[in-house]
Amino acid sequence: LSQLPPAPRSLQPRSPKLALLFLVTGDIPTEVVWRAFLGDDLGGGRASVYVHPRVGFSFAPTSLFYGHELTEKERRSARWGAVTIAEAMVQLLRAALRDPANMAFVFLSESCVPVHSFECTYTFFFGTSGGGDGGGGGGGG
């Protein structure tokens, strides 16, 4: 039997991605914890990071979060306890939905830290540690 050529990369199943949506006021003091959690390759390419800092704020180029901020146009002047928080969350979700590989979404603040490894968290959401079609949805852990 002859072997079929591999499917084009765009048609091959991709690992689903976990979108981390940070709603913050400025620097994230727990960045070192997030860097350890994600590594420099964002969980082996299985995570996406989106950050909604206050209007006018930008992260230092050495920050894990640099380049993951929403544009100034997408940001809202969010105030805790006001409807503007929901508007900012919608903007984060809208940005994350642009990547069809993002299949699970987690809202976070600057005071949040992961309590399990990335592998454990990813498996909780997708039932697999990557590769394949992501198979069976949450549970596990």
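Please refer to the structure higher up on the page.
None of the values given here were measured: they were computed from a predicted structure. (Residues numbered from 1 in each chain as written. Predicted model: local features only at pLDDT ≥ 70, side-chain atom pairs only at ≥ 80, totals over all residues. Heavy atoms only, no water.)

Draft legend 1. View of the environment of Thr121. Along the chain, Thr121 falls in helix 4 (residues 118-126). Counting along the chain gives 84 residues from Thr121 to Phe37, while the straight-line C-alpha distance between them is 9.9 Å. For Thr121, the contacting residues outside a window of four places in its chain are Leu18, Phe37 and His116. (Helix = DSSP H or I, 4+ residues; strand = E, 2+ residues; numbered from the N terminus. Contact = heavy atoms within 4.5 Å.)

Draft legend 2. Expanded view of the pattern of salt bridges. Scanning the entire structure with this criterion turns up 6 salt bridges. We note a salt bridge from Glu74 to Arg98, for which the minimum N-O separation is 2.5 Å. Here Glu74 is found in the loop between strand 2 (47-52) and helix 3 (83-96), whereas its partner Arg98 is found in the loop between helix 3 and strand 3 (102-108), with 24 residues between them in sequence. Residue Arg98 is classed as exposed on the basis of its relative accessible area, which comes to 55%. Taken together, the salt bridges that share partners define one network made up of Glu31, Arg35 and Asp40. (Salt bridge = Lys/Arg side-chain N within 4 Å of Asp/Glu carboxyl O. Buried < 20%, exposed > 50% of the residue type's maximum accessible area, 1.4 Å probe, protein only.)

Draft legend 3. Representation of a nonpolar patch on the surface within the structure. There is a patch of nonpolar side chains on the surface, built from Val32, Val33, Val113 and Val115 and spanning about 370 Å² of accessible area. By the secondary structure assignment, Val33 is in helix 1 (residues 31-38). (Patch = residues over 30% accessible without salt bridge, like charges linked within 9 Å, V, L, I, M, F, W, Y side chains within 5 Å. Areas by Shrake-Rupley, 256 points an atom, 1.4 Å probe, with all protein chains shown as cover.)

Draft legend 4. Representation of the sheet that holds strand 3 in the model. Strand order in the open sheet made by the 3 strands is 2-1-3, with parallel pairing throughout. Edge strands, defined here as strands with exactly one partner in the open sheet, are strand 2 and strand 3. Each adjacent strand pair in this sheet contributes to an overall mean axis angle of 20°, direction not counted. (Pairing = 2+ DSSP bridges. Axes fitted to C-alpha atoms, helices over the stretch in contact; angles between N-to-C directions.)

Draft legend 5. Main features of the environment of Pro53. Within the secondary structure, Pro53 sits in the loop between strand 2 and helix 3. The spacing of Pro53 and Asp27 is 26 residues in sequence and 8.3 Å in space, taken between C-alpha atoms. Ignoring sequence-local partners within four residues, the contact set of Pro53 consists of Val24, Phe59, Glu69 and Arg75.

Draft legend 6. Just the nonpolar core, in detail. Core analysis: the biggest nonpolar cluster contains 22 residues, and Leu20, Phe22, Trp34, Leu38 and Phe65 have the highest contact counts within it. Of all the secondary-structure elements, those providing two or more residues to this core are strand 1 (17-23), helix 1, strand 2, strand 3 and helix 4. Those residues within four positions of Phe22 in sequence are excluded, and the remaining contacts are Ile28, Trp34, Val49, Tyr50, Val51, His52, Phe65, Leu92, Leu108 and Ser109. By size, the runner-up hydrophobic cluster in this structure holds 10 residues, among which are Tyr50, Ile85, Leu92 and Ala96. (Core = buried A, V, L, I, M, F, W, Y, C linked by side-chain atoms within 4.5 Å.)

Draft legend 7. A look at unusual backbone geometry. Phi at Leu42 takes a positive value of approximately 50°, unusual for a residue other than glycine. Note on placement: Leu42 falls in helix 2 (residues 42-45). Assessed through its relative accessible area of 17%, Leu42 is described here as buried.

Draft legend 8. Focus on the packing of aromatic side chains. Scanning all chains against the criterion turns up 10 aromatic pairs. Where Phe118 meets Tyr122, the ring centres are 5.7 Å apart and the plane angle is 35°; that geometry is what we call tilted. Of this pair, Phe118 and Tyr122 both sit in helix 4, separated by 4 residues, roughly a single helical turn. Take Tyr122: its relative accessible area is 0%, and that puts it in the buried class. Feature note: the residues Phe22, Trp34, Phe37, Phe57, Phe59, Phe65, Phe118, Tyr122, Phe124, Phe125 and Phe126 constitute an aromatic cluster, connected by ring pairs. Over the ring of Tyr122 we find Arg46, and its NZ or CZ is 4.8 Å from the ring centre. (Phe/Tyr/Trp six-rings, centres within 6.5 Å; stacked < 30°, edge-to-face > 60°. Lys NZ or Arg CZ within 6 Å of the ring centre and 35° of its normal.)

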